[in-house]
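# Report on the structure
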Amino acid sequence: VIDPERFFGRMMRAGVRFAAGVPDSLLAEACSYLLEAWPPDRHVIAANEGTALALAVGHHLGTDRVPLVYLQNSGIGNLVNPLLSLAHPEVYAVPIAMLIGWRGEPGVADEPQHLAQGRLTPALLDVLEVPFRIVDGASEAVALDAATWVVEAARRRSGPAALVIRRGVFRAAVRTPAAWQEGTQPLTREGAIERIVAALGPDAYVVATTGKPARELHDIRLRSDQSAERDFLTVGSMGHASQIALGIALARPKARVLCLDGDGAAFMHLGGFASIATTPADGLVHVVLNNGAHESVGGQPTAGREVSLTEVARACGYATVVPVACDMASLDDALRTIRCAPGPAFLEVQVALGSRPDLGRPRGAPVDNKYRFMRSLVVEDP
C-alpha cells in the first residue's frame, strides 16, 4: 500500500509540477492527496479526460515540464483524439505522464460496465502506442521506481506514457472537508428523485445517469414495489445520459422523457445542453441533481457550486427553465411548473452529499434493462 505523498514526491523529483484529471475510485486516495497538497494553479479537476490532457499540453508549452494526467480507464475514449492528434510524438510531441485506474481488471470482480473496458485496457494502450507499466501495492519501492519511470519515459519519447494502477494501491490520505458535506443541504438526492418521479407520474420514461442516481432510482422502485420497465439505467458512459434521453424524446415525440443527470456528468459534456435546447424535444425534462461533488469516486469537488447550470441552460435556450430548487417546497413549486410547461425543460436541484450505506446496485444484466425498456416503448407507441 503506497503513501501518496511519497509517490507524488518521487514524481516531483522527476520534474512534475502540474496535474489535471478526472477522479477515479481506484485513485481516490491519490486524488485526495493532490486536492489537499497541490494548490489550484498546479492541480485542476477537469471536466473530462480530453480537456485534462489539453490542460497538460498547455502546461508543457508554458514550462517545458512533464505534466501529469489522471483518469479511470473508462475515460480513455475521451483521450483518444487529443492523445493522437495533439500529444503524439508525430504531431506536437508532448511528454505527459498518465495515471490510469484499472477498473474491470480480468479476474477482479467489478460492475458489468467495466468488464470490456478492463479486459481491453492494455490492448488499447498498445494500439495507441502509449508505453505503460502496471502498478500494484506489493512493493512501495517498485511503485516509486514506476513513478520515476513514467516521467522519464514520457520525456524520452516526447509523448505520453502511463502507469496502470490496480485496485488498492494507495494508502488513505488526508481529505479536505467540503463546504457541501453530508447534511448541509435540506434535500437528499434520493428524496429528490423520489419526489420528481412521483410528480411526473408512471407514464414518464426515465433515463438515469451513471453512479448514485441510477442506483437510488433502482432502490426507490424496489422499495415502493413500482414498475421499473420505463427506467433506463445508464450504468456507464458518464456524461451521455442527457443525449440518450434526447434521442428517445425525438424518436417518441408524444412521450414524457425525464433525464436524471448529475453535476459532474453534466459538466463532462456540457455541449449537450446546446444540442438539447436547439431541438424540438417538447417532452424532455432535464433534471440535474447537483451535490457539487464526484461522489461515486471519492467526493472530490466539481464546479457545481461555482457555476450556475441553470443559467447555462437558460443561455442555451431551453424552452422552460425554472428556478433552482434547494428544499422540498421549492422543488414542489418547480415540478408543478414543469408538469405543464413546454420542453425541453430544465431543473437544477441542489442536494446534499451522501447516500444510504446500504444503497443497492441495479440487478440483472444491462442488456436485459435495455430490452425491457424498449418493450415498454413499443407497447406505449406501436
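Check the entry above for the structure.
Attention in this report is confined to the structure presented alongside it. (Residues numbered from 1 in each chain as written. Predicted model: local features only at pLDDT ≥ 70, side-chain atom pairs only at ≥ 80, totals over all residues. Heavy atoms only, no water.)

Turning our eyes to something else, we now look at the overall build of the protein. The helix and strand tally for the protein stands at 14 helices and 14 strands. The globule rule puts the C-alpha radius of gyration for 382 residues at 21 Å, and the 21 Å found for the protein is close to it. Seen along its three principal axes, the alpha-carbon backbone of the protein occupies a region of about 60 × 40 × 35 Å. Buried residues in the protein amount to 52% of all 382 residues. Relative to all contacts within the protein whose residues are 6 or more apart in sequence, the contacts with residues 24 or more apart total 80%. Separation of charge centres in the protein, based on 36 positive and 41 negative side chains, amounts to 2 Å. (Helix = DSSP H or I, 4+ residues; strand = E, 2+ residues; numbered from the N terminus. Rg over C-alpha atoms; globule rule 2.2 N^0.38 Å. Buried < 20%, exposed > 50% of the residue type's maximum accessible area, 1.4 Å probe, protein only. Contact = heavy atoms within 4.5 Å. Lys, Arg positive; Asp, Glu negative; His and termini not counted. Charge placed at Lys NZ, Arg CZ, Asp CG, Glu CD.)

The six strands lie next to each other as β8-β7-β9-β10-β14-β13, forming an open sheet whose pairing is parallel. The strands lining the two open edges of the sheet, one partner per strand, are β8 (231–233) and β13 (320–321). Of the strand pairs in this sheet, β13 and strand β14 (residues 345–350) are connected by two bridges, and their pairing is parallel. Bridging from a neighbouring strand, threonine 320 pairs with alanine 345 of β14. Against the sheet, helix α9 (residues 241–251) touches β7 (205–208), β8, β9 (257–262) and β10 (284–290), its axis set at about 170 degrees to β9. Sheet strands in contact with helix α13 (residues 328–340) are β10 and β14, and its direction is about 170 degrees off that of β14. (Pairing = 2+ DSSP bridges. Axes fitted to C-alpha atoms, helices over the stretch in contact; angles between N-to-C directions.)

Here we come to the packing of aromatic side chains. Counted under the stated rule, the structure contains ten aromatic pairs. Between phenylalanine 7 and phenylalanine 170 the ring centres are 5.1 Å apart and the planes differ by 85 degrees, which places this aromatic pair in the edge-to-face class. Of this pair, phenylalanine 7 sits in helix α1 (residues 4–13) while phenylalanine 170 is found in the loop between β6 (160–165) and α7 (189–200), placing the two residues 163 residues apart along the sequence. The pair phenylalanine 7 / phenylalanine 170 is uniform in exposure class, with both members buried. Consider the rings of phenylalanine 273 and phenylalanine 346, whose centres lie 5.5 Å apart with planes at 50 degrees: the pair is tilted. Here phenylalanine 273 is found in helix α11 (residues 272–277), whereas its partner phenylalanine 346 is found in strand β14, with 73 residues between them in sequence. Here the two residues phenylalanine 273 and phenylalanine 346 agree in accessibility, since each one is buried. Among the aromatic residues, those joined into a ring-pair cluster are Phe7, Phe8, Tyr33, Trp38 and Phe170. Note that arginine 42 overlies the ring of tryptophan 38, its terminal NZ or CZ placed 4.4 Å from the centroid. (Phe/Tyr/Trp six-rings, centres within 6.5 Å; stacked < 30°, edge-to-face > 60°. Lys NZ or Arg CZ within 6 Å of the ring centre and 35° of its normal.)

On the surface, a nonpolar cluster with roughly 280 Å² of combined accessible area is contributed by Val367, Tyr371 and Met374. Within the secondary structure, methionine 374 sits in helix α14 (residues 366–380). (Patch = residues over 30% accessible without salt bridge, like charges linked within 9 Å, V, L, I, M, F, W, Y side chains within 5 Å. Areas by Shrake-Rupley, 256 points an atom, 1.4 Å probe, with all protein chains shown as cover. Salt bridge = Lys/Arg side-chain N within 4 Å of Asp/Glu carboxyl O.)

With that out of the way, let us pick up unusual backbone geometry. Residue proline 344 is reached from glycine 343 by a cis peptide bond, and omega for that bond is 0 degrees. Residue position: proline 344 is located in the loop between α13 and β14. The phi dihedral of serine 158 is positive, around 50 degrees, even though this residue is not glycine. Note that serine 158 resides in the loop between α6 (140–157) and β6. Even without glycine at this site, serine 237 takes up a positive phi of about 55 degrees.

Phe7, Phe8, Met11, Leu99 and Leu163 are the most contacted members of the largest nonpolar core, which totals 33 residues. Within the residue set of this core, elements represented by two or more residues are α1, α2 (28–37), β3 (68–72), β4 (96–101), α6 and β6. Per-element tally for this core: the top contributor is α6, with nine residues. Here leucine 163 is in contact with Phe7, Met98, Leu99, Ile100, Arg133, Val135, Ala146, Ala147, Trp149 and Val150, once residues within four sequence places are set aside. Listed in part, the 29 residues of the second largest apolar core include Leu233, Leu289, Ala345 and Val349. (Core = buried A, V, L, I, M, F, W, Y, C linked by side-chain atoms within 4.5 Å.)

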